[in-house]
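Fold and contact review
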Amino acid sequence: MMRILVIGGVAAGTKAAAKLRRELPSSVITVVTSDRHVSYAGCGLPYFIGGIIKEERELVVKAPRLFKEENGIEILTLHQAVRIEPEAKKVEVIDLEKQVHKVFDYDLLVISTGASPFVPRMEGIDLDGIQVLRTIDDAREIRDRVDQNAARQALVVGGGFIGLEVAENLVHRGIPTTLVEFQPQILPGYDLEMALIAENHLVEKGLRLIKNRKVVAFEGDPLGKVQNAKLDGGEVLAADLAVWATGVRPNVELARSCGIVIGPTGAIQVDERMETNIPGIFAVGDCAENQHLLLDRPVWFPMGSTANKAGRIVGINASGGSKRMPGLLGTNIVKLFDLNAARTGLSTREALEAGFDIETVLVPANDKAHYYPGYRNVNTKLIADRKTHRVLGGQIIGEGVVDKPIDILVTAISFGATVEDLTTLDLAYAPPFSMAMSSLITAANVLENKLTGKVQGILPTELFERMEGGEDFQIVDLRSEPEFIIGTIEGALHIPLTELSSRIGELDPARETVLLCKYGKRSYLGARELTHAGFEKVEILEGGLLLYPYETV
Amino acid sequence: MEIRVNAKGLQCPGPLLQLSNAVKSAQAGDRVLIEVSDFGFKKDIDKWCKKTGNTLISLDEKDSILSAVVEVVRKA
Ligand SMILES: Cc1cc2nc3c(=O)[nH]c(=O)nc-3n(C[C@H](O)[C@H](O)[C@H](O)COP(=O)(O)OP(=O)(O)OC[C@H]3O[C@@H](n4cnc5c(N)ncnc54)[C@H](O)[C@@H]3O)c2cc1C
């Protein structure tokens, strides 16, 4: 009888085991996992802290007992695998409760050891009240402190999606919270101007945000409880709860020490079938690499979405099938208070680093027909290859629906779509669901206009940086009087679009001219007019004042 | 006096133009009640009132409609 051993029992491991059971009904399947909990929704942990998910048990997808009863899968919790012997096909396991060693024979081995939060050693890091968030126990610990009013000032370290979700939920619980990010922006993998939209929203919602700073040490009280964090700029932040969320690392030591090859990303190298260099040993989930769909290289995207899909594929392949995992796009999505943000494919920086000559666009729109109550703004950034017009990536941020357009984009990129392909997709439309010209199609249309030279744009970040650098611009605000009153970019001239042709003499056609309005539509019309009139360089402010993330006057 | 403005279904800058016109035609102490379905208006009205010196008395959200009451302080 075929003996299958799975090491690690959360998303990837239990998925692989369940699929293996269906493929090989008569095999013996055992899952050993070092945690107390199996098959839980790690992705739900921040919302458990926030109280949106009330009870621990709601997070558990399936208890070990049910795996036994319904699937005939033996799950041994608090069992840690410590050594793999590939030649003998044996795995040594410690029963953490009874502190005894056990040896398991296998015919097929699935490694799904996942990833662990990375916490650098530093002064005070072991103080009480400094937490990571990976397991249900971690979440319980944080939530208990909040429930018992033991967290009066919180610090979150790291502005990736886990740090941001934790911060949101702490603010939601009424705790004054500071988030420290060591990069110049939060949301890694998003372009700067997109991340700035999110930053402004978070600050508006009451989060204190400190960027370009590292936490370098903690100080505690005489009882060993954390009191302060010290930053590399010398600042001291008071905090009685600190959540360290600067990223995770794949758990690969067990695999490495038995001769399994670790790839360039630091995760376990696998082929398209998710098999390691040792035949009969598969690796899947957060501990394993994947291919990038657009780049000819392995990547490591530790995501639950991938762990589940790949777990199933391993189940098929380990039972003799040959299903490919073609590659990933680094898709992710996050809710931050009233804002939704999603990304897929290459960011501007990633595309440039990969050697692409790119054109990009940033276009605000709505998620539903403007006359249908309840519509909200969504802002789409697209990145395409200038030569082939192939879409390489996109980011969508707004209070409106972003999951639909991002998934359309994922699909389009996966099948090699060009910008022109996007502009003509036969998407579903009725007022409660979308706009007749959906936000994604509108963005693709503007990008097509840019690719064919009909219009030039400048991003708010570029304009701001170049102005800071002392460069000269002729900035023209084309909005109406009441809009202009609200605030504009310092130094902007006010000429409403309706007056542009009669007042064109006030402008110097030789200066670099930037047109702005609220969304970009009026700027586009103005740019056509000025270009026609012989202006040398006319650009529209992409995203308009709506997405201008800096101070206005 | 209370002036009611229905700016539902109008997109930016429609609601703001309507508000501005209503306030222009009103007297100090009058109230303008405006209903809007464009949520971008939320931030705009706040800033506009601050810049023009009119008072934003209330801003409510119900069934995806924003209702704002502005007291005219001086002619904008
Ligand atoms: C707070 C949070 C929010 C998240 N949100 C999202 C989201 O919104 N969307 C998304 O796609 N992903 C999200 N993720 C990521 C997602 O949870 C992970 O990608 C997913 O859990 C990976 O599953 P896995 O089975 O590969 O690994 P893991 O979940 O890490 O499980 C591995 C298990 O193996 C055990 N193990 C390790 N070594 C051994 C050993 N030697 N012997 C026995 N057992 C071992 C570990 O204890 C662990 O229980 C989130 C993660 C966190 C922490």
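Let us look at the structure shown here. (Residues numbered from 1 in each chain as written. Chains lettered and ligands numbered in written order. Predicted model: local features only at pLDDT ≥ 70, side-chain atom pairs only at ≥ 80, totals over all residues. Heavy atoms only, no water.)

Glancing now at the site of the ligand. All names here are of chain A. Around the ligand, the surrounding shell holds 32 residues, and the nearest of these are Ala12, Arg134, Asp286, Met303 and Gly304. The contact in question runs from an oxygen atom of the ligand to an N or O atom on the side chain of Arg134, over 2.7 Å. Taken by itself the ligand offers 990 Å² of open surface, and the protein chains cover 89% of this. At the level of secondary structure, the elements contributing two or more residues to the shell around the ligand comprise helix 1 (11–23), strand 4 (79–85), helix 5 (161–172) and helix 8 (304–318). Across the shell around the ligand, the residue classes tally to 16 nonpolar, 12 polar and 4 charged. Here the shell around the ligand gathers at least three residues from each of two domains, domain 1 (3–39 + 47–116 + 249–318) and domain 2 (130–185 + 192–206 + 213–246). (Near = heavy atom within 4 Å. Polar contact = N/O pair within 3.5 Å; in protein donor to acceptor, adjacent residues only side chain to side chain. Areas by Shrake-Rupley, 256 points an atom, 1.4 Å probe, with all protein chains shown as cover. Helix = DSSP H or I, 4+ residues; strand = E, 2+ residues; numbered from the N terminus. Nonpolar A, V, L, I, M, F, W, Y, C, P; charged D, E, K, R; others polar. Domains from an automatic or database assignment.)

Turning our attention to helix 2 (residues 41–52) of chain B. With 12 residues, helix 2 of chain B should cover 16 Å at 1.5 Å per step; its first-to-last C-alpha distance of 16 Å lies within 8% of that length. Those residues of helix 2 of chain B lying buried are Phe41, Asp44, Ile45, Trp48, Cys49 and Thr52 of chain B. Projected down its long axis, helix 2 of chain B carries its buried residues within an arc of 125°, all on one side. In this structure, the buried side of helix 2 of chain B is in contact with helix 14 (481–486) of chain A together with helix 1 (14–24), strand 2 (31–36), strand 3 (55–62) and strand 4 (65–71) of chain B. A positive phi of about 85° marks Gly53 of chain B, the residue just after helix 2 of chain B. (Expected span 1.5 Å × (residues − 1). Buried < 20%, exposed > 50% of the residue type's maximum accessible area, 1.4 Å probe, protein only. Arc of directions from axis to C-beta. Contact = heavy atoms within 4.5 Å.)

This brings us to a nonpolar patch on the surface. On the surface, Tyr371, Tyr372 and Tyr429 of chain A cluster together into a nonpolar patch covering about 320 Å² of accessible area. Mapped onto the fold, Tyr372 of chain A is located in the loop between strand 23 (358–366) and strand 24 (377–385). (Patch = residues over 30% accessible without salt bridge, like charges linked within 9 Å, V, L, I, M, F, W, Y side chains within 5 Å. Salt bridge = Lys/Arg side-chain N within 4 Å of Asp/Glu carboxyl O.)

Attention shifts here to the sheet that holds strand 24 of chain A. Residue and element names in this part refer to chain A. Judged by pairing direction, the sheet is antiparallel, and its 5 strands sit side by side in the order 21-22-25-24-23 without closing on themselves. In this open sheet, the two edge strands, each paired with only one partner strand, are strand 21 (332–336) and strand 23. Strand-to-strand twist in this sheet, taken as the mean axis angle between neighbours without regard to direction, amounts to 10°. With 6 bridges joining them, strand 22 (residues 339–345) and strand 25 (residues 391–398) adopt antiparallel strand pairing. (Pairing = 2+ DSSP bridges. Axes fitted to C-alpha atoms, helices over the stretch in contact; angles between N-to-C directions.)

Attention shifts here to the interface of chain B and chain A. On the side of chain A, 18 residues touch chain B, which itself brings 22 residues to the contact. Note on chain B versus chain A: buried area summed over both sides is about 1,700 Å², and carbon and sulfur give 58% of it. In terms of surface lost to chain A, no three residues of chain B exceed Gln11, Cys12 and Lys51 of chain B, which account for 27% of the buried area on that side. On inspection of chain B and its partner chain A, the count reaches 3 salt bridges. One salt bridge in this structure joins Lys43 of chain B and Glu204 of chain A, with 3.5 Å as the shortest N-O distance. On the surface where chain B and chain A come into contact, there are 3 residue pairs in polar contact (both at pLDDT 80 or more). Where the side of chain B that touches chain A is concerned, the elements lending two or more residues are helix 1 and helix 2 of chain B. (Buried area = accessible area lost by both parts, 1.4 Å probe.)

Below, the discussion takes up the environment of Ala428 of chain A. Residues and elements named next belong to chain A. Position of Ala428 relative to the elements: it lies in the loop between helix 11 (419–423) and helix 12 (439–451). By relative accessible area, which is 63% here, Ala428 ends up exposed. On a C-alpha basis, the gap between Ala428 and Glu542 in space is 27 Å, while along the polypeptide they are 114 residues apart.

Right, let's talk about the environment of His292 of chain A for a bit. Residue and element names in this part refer to chain A. Its location among the elements puts His292 in the loop between strand 19 (290–291) and strand 20 (298–299). Residue classification places His292 among the buried positions, given a relative accessible area of 5%. For the pair His292 and Leu346, spaced 54 residues apart in the sequence, the C-alpha separation amounts to 10.0 Å. Apart from residues lying up to four places away in sequence, His292 is in contact with Arg297, Val299, Phe301, Leu328, Leu329 and Leu346. Among the polar contacts listed, one links the side chain of His292 to the backbone nitrogen of Leu295, at a separation of 3.3 Å.

Let's shift gears to the sheet that holds strand 30 (residues 537–541) of chain A. Residue and element names in this part refer to chain A. If you trace the 5 strands from one edge of the open sheet to the other, you get 26-30-29-27-28, paired in parallel fashion. Looking at strand neighbours, the two that pair on one side only are strand 26 (457–458) and strand 28 (493–494), the edges of this open sheet. Pairing analysis gives 4 bridges linking strand 27 (residues 474–477) to strand 29 (residues 512–516), with the strands arranged parallel. Opposite Val476, over in strand 29, you have Leu515 as the bridge partner.

Below, the discussion takes up the layout of surface pockets. It is a probe the size of a water molecule, rolled over the atoms, that shows where empty space is left. Put simply, the second largest pocket is a space of about 1,300 Å³. What lines the second largest pocket is a set of 43 residues, and nearest its centre among them are Asn200, Glu204 and Leu546 of chain A together with Lys43 and Lys47 of chain B. Counting residues per element, the ones that place at least two in the lining of the second largest pocket are helix 6 (192–204), strand 24, strand 25 and helix 14 of chain A together with helix 2 of chain B. Looking at the lining of the second largest pocket residue by residue, the class counts come to 18 nonpolar, 9 polar and 16 charged. (1 Å grid on protein atoms, 1.4 Å probe; cavity = no way out; pocket = protein on both sides within 12 Å on 5 of 7 lines; lining within 4 Å. Points joined across faces, edges and corners; volume = space filled by probe spheres on them.)

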